[in-house]
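# Architecture at a glance
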Amino acid sequence: MLKIAVLVSGGGTNLQAIIDSIEGGKLDNVRIVKVISNKEGAYALERAAKHGIEGICISPKSFGERADYFKALSEELKNSGTELIVLAGFLVVLSSDFVREWRGRIINIHPSLIPSFCGDGYYGLRVHEKALERGVKVTGATVHFVDEGTDTGPIILQKAVNVEDGDTPEILQKRVMEQAEWIILPRAIRMIADGSIKTS
Ligand code: GAR
């Protein structure tokens, strides 16, 4: 049984995709031991509660020093027995110390085909705005291991999605979620749980 913690900041549709895969029997060797949000009132926490999963908010704002926030986050993860950290729309940039401590045991979903439209400042809707501005005809999503850089870690899975005439950032975001993110994130977790890719 792979024990995962899912870190979130907002709506939590990727968290929901993981929950649905577990409840639907597609991830039968995975358990979500904790959902952690950096934002009070994130809808993702409600999703967790609805499914009997423990959710908490640990906000960087409650800590004077950034290092203390990451220490508290790490303690919480260790206390809950976390073996794999899944960043599912978690918009806090991790500290190098935190990444070093959990090296090879953190994965992230990003809403583009890395190395396009990624790095500092590329998150959420902004990624799709930039893709449309550039006029790409194909975009997609990527699941990757997290290293000290922003979106620079080893790629686990990618899935392409077509851009269509008349797309707005919101329409494209929804298509990328439905056709790529919600599929490849649970799939990557399954690959790690099955041991078909090594976490470190
Ligand atoms: C998702 O599209 C995810 O790929 C993106 O934030 C959204 C969160 O949605 N993450 C990033 O942009 C990270 N750089 P969700 O809360 O509904 O899962």
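Since this is a predicted model, take the numbers as computed values, not measurements.

Moving on to the site of the ligand. Taken together, 13 residues lie around the ligand, and Gly12, Thr13, Asn14, Gly124 and Glu181 are the ones closest in. The contact in question runs from an oxygen atom of the ligand to an N or O atom on the side chain of threonine 13, over 2.6 Å. Side-chain polar atom of glutamate 181 to an oxygen atom of the ligand: 2.7 Å apart, as the coordinates give it. When the ligand sits alone it has 450 Å² of accessible area, and the protein chains cover 90% of it. Of the residues contributing to the shell around the ligand, the split by class is five nonpolar, seven polar and one charged.

Looking now at the nonpolar core. Ile4, Val6, Ile107 and Ile189 are the most contacted members of the largest nonpolar core, which totals 35 residues. When residues in this core are grouped by element, the largest group, eight residues, is from helix 6 (residues 169-194). In this view, isoleucine 4 contacts Ile18, Val30, Arg31, Ile32, Val33, Lys34, Thr82, Leu84, Val86 and Ile189; residues no more than four positions away in its chain are not counted. In this structure, Ala5, Val92, Val99 and Trp102 belong to the second largest nonpolar core, which totals 18 residues.

Following isoleucine 114, the chain continues to proline 115 via a peptide bond in cis, the omega torsion being 20°. You will see that phenylalanine 117, though not glycine, has its phi angle at about 50°, which is positive. Along the chain, the position of phenylalanine 117 falls in the loop between strand 5 (106-110) and helix 5 (125-134). A positive phi is found at aspartate 151, a non-glycine position, where the angle reads about 65°.

Looking now at the packing of helix 1 (residues 13-23) against helix 2 (residues 43-50). Where helix 1 meets helix 2, the closest approach of the two axes is 9 Å, and the angle between their N-to-C directions is 15°. As far as their axial angle goes, helix 2 and helix 1 are roughly parallel. Of the two possible hands of crossing, helix 1 and helix 2 adopt the one that is right-handed. Between helix 1 and helix 2, the contacting residues are Thr13, Leu15, Gln16 and Ile19 on the first element and Ala44, Arg47 and Ala48 on the second.

For the rest of this paragraph, the subject is the environment of serine 95. With respect to the helices, strands and loops of the structure, serine 95 is situated in the loop between strand 4 (84-87) and helix 4 (96-101). For the pair serine 95 and aspartate 68, spaced 27 residues apart in the sequence, the C-alpha separation amounts to 11 Å. Once you skip the residues sitting within four places of it in the chain, serine 95 turns out to touch Arg66 and Phe70. Among the polar contacts listed, one links the side chain of serine 95 to the backbone nitrogen of phenylalanine 98, at a separation of 3.1 Å.

Rules used in this analysis
- Residues numbered from 1 in each chain as written.
- Predicted model: local features only at pLDDT ≥ 70, side-chain atom pairs only at ≥ 80, totals over all residues.
- Heavy atoms only, no water.
- Near = heavy atom within 4 Å.
- Polar contact = N/O pair within 3.5 Å; in protein donor to acceptor, adjacent residues only side chain to side chain.
- Areas by Shrake-Rupley, 256 points an atom, 1.4 Å probe, with all protein chains shown as cover.
- Nonpolar A, V, L, I, M, F, W, Y, C, P; charged D, E, K, R; others polar.
- Core = buried A, V, L, I, M, F, W, Y, C linked by side-chain atoms within 4.5 Å.
- Buried < 20%, exposed > 50% of the residue type's maximum accessible area, 1.4 Å probe, protein only.
- Helix = DSSP H or I, 4+ residues; strand = E, 2+ residues; numbered from the N terminus.
- Contact = heavy atoms within 4.5 Å.
- Axes fitted to C-alpha atoms, helices over the stretch in contact; angles between N-to-C directions.
- Parallel < 35°, antiparallel > 145°, perpendicular 65-115°, else oblique.
- Left-handed = near helix turned anticlockwise from the far one by under 90°.

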